[in-house]
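Summary of structural features
One letter stands for each residue in the lines below.
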Amino acid sequence: MPRFASIDIGTNSVLLLVADRLPDGRFQAVVERAEITRLGRGVDTHRVLSSDGMEATLSVLVAFANEARELGAEGIAVSATSAARDAKNGADFIAAAQARAGVTVEIIPGEMEAQLSFAAVAQDFGSEAAGPLLVVDIGGGSTEFIYGSDAGTVAFRHSFDVGAVRLTERYVRTDPLSPDERGAIEAHLRDTFSALPPPPPAAMLVGVAGTVTTLFAVQHQMATYDAEAVHGGTLSRGELDALTDRLCALPLDARRALPGLQPKRADVIPAGALILREAVRALGLEACRVSDRGLRWGLLAHRFGSGSGSSRS
């Protein structure tokens, strides 16, 4: 079976997927990895990728690209999202990635990011949805909303410049968050999400990316992350309210010790939880399903799915 890889370079983390393309066109994972490198540190304020953020991300990118090649990947698709879109020196990062990792990094617009995440969700959840699908993709620098059908047809999509890293850097100065800081984040999110159209009747909301999967893992106290247990899970609105209150009240050291929470994500998880909670509230829904498969899966299908052709990066 042909084997391909995708690498998703986000504001907060870098994710690798190496997968075989099955005869029916679906992909079966061989290896999945994720590392938090914080490429987007300081970008919201300075609009520049820091040297530390670039170096950490490039080191992981080199390791991931080499691993994909060693596993026999015929092609490697690499995308970069919010931080690279916003930074004035994004071209420098792309050039360094080509020189050091031998890959071409595509900085994709927010609307394409939304489309690819939706495609991955539609593949896994479309058949069980009683109505339209809604997808919320919470990243470090931006959050995408997509409304569509199980056939992959998109009726609405938009990328908002609110993400777990961006809001933490913009509003949080105390440990734990002060009531004023939390209130400022909530007010900003409510104003931002007021632009969302009402969801269609009987819509099912699915959340993707690290914030959502982490919240589920913390809710269920997963000492070891279990992708199969996370994928397809549900966070109720009541669970999300209580979990958000708890994360915002805990100091950073206590958050770092929570089962299910990567210590490197502990500083930004309160803002991430607030984003998901306010998204659920804005949509007027009572629960959010959880997907462990997001942009990297959609990117893989887009670049290397049946009929798309393939090329070595």
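Structural notes, computed from the coordinates.

The rules we used
Residues numbered from 1 in each chain as written. Predicted model: local features only at pLDDT ≥ 70, side-chain atom pairs only at ≥ 80, totals over all residues. Heavy atoms only, no water. Helix = DSSP H or I, 4+ residues; strand = E, 2+ residues; numbered from the N terminus. Contact = heavy atoms within 4.5 Å. Pairing = 2+ DSSP bridges. Axes fitted to C-alpha atoms, helices over the stretch in contact; angles between N-to-C directions.

Some points on the environment of valine 30
Considering the arrangement of structural elements, one finds valine 30 in strand β3 (residues 27–36). Considering only alpha carbons, one finds valine 30 and isoleucine 138, 108 residues apart in sequence, at a separation of 25 Å. If we ignore the near neighbours within four places in the chain, the residues touching valine 30 are Arg3, Val18, Ala19 and Asp20.

With respect to the sheet that holds strand β1 (residues 3–9)
Across the sheet, five strands lie side by side as β3-β2-β1-β4-β5; this open sheet has mixed pairing. The sheet is open, and its two edges are formed by β3 and β5 (105–107), each paired on a single side. When the angles between neighbouring strand axes are averaged without regard to direction, this sheet yields 20 degrees. Taken together, the three bridges between strand β4 (residues 76–80) and β5 define a ladder with parallel strand orientation. Paired with alanine 80 across the bridge in β5 is isoleucine 107. Set on the sheet, helix α2 (residues 51–70) makes contact with β1, β2 (13–21), β3, β4 and β5; between it and β2 the angle comes to about 10 degrees.

A few points about the sheet that holds strand β10 (residues 234–236)
Spatially, six strands are ordered β8-β7-β6-β9-β11-β10 in an open sheet, and the strand pairing comes out mixed. One side of each edge strand has no neighbouring strand; the edge strands of this open sheet are β8 (154–160) and β10. On average, each strand axis in the sheet is tilted by 20 degrees relative to the strand beside it, whichever way the strands run. Running at roughly 75 degrees to β10, helix α10 (residues 237–249) makes contact with β10 and β11 (287–291) of the sheet.

A short note on the environment of leucine 205
Of note, leucine 205 is situated in strand β9 (residues 204–208). Sequence separation between leucine 205 and valine 136 is 69 residues, and the spatial gap between their C-alpha atoms is 7.4 Å. With residues near it in sequence (within four places) discarded, leucine 205 still touches Leu134, Val135, Val136, Val280, Leu283, Leu285, Ala287, Cys288 and Arg289.

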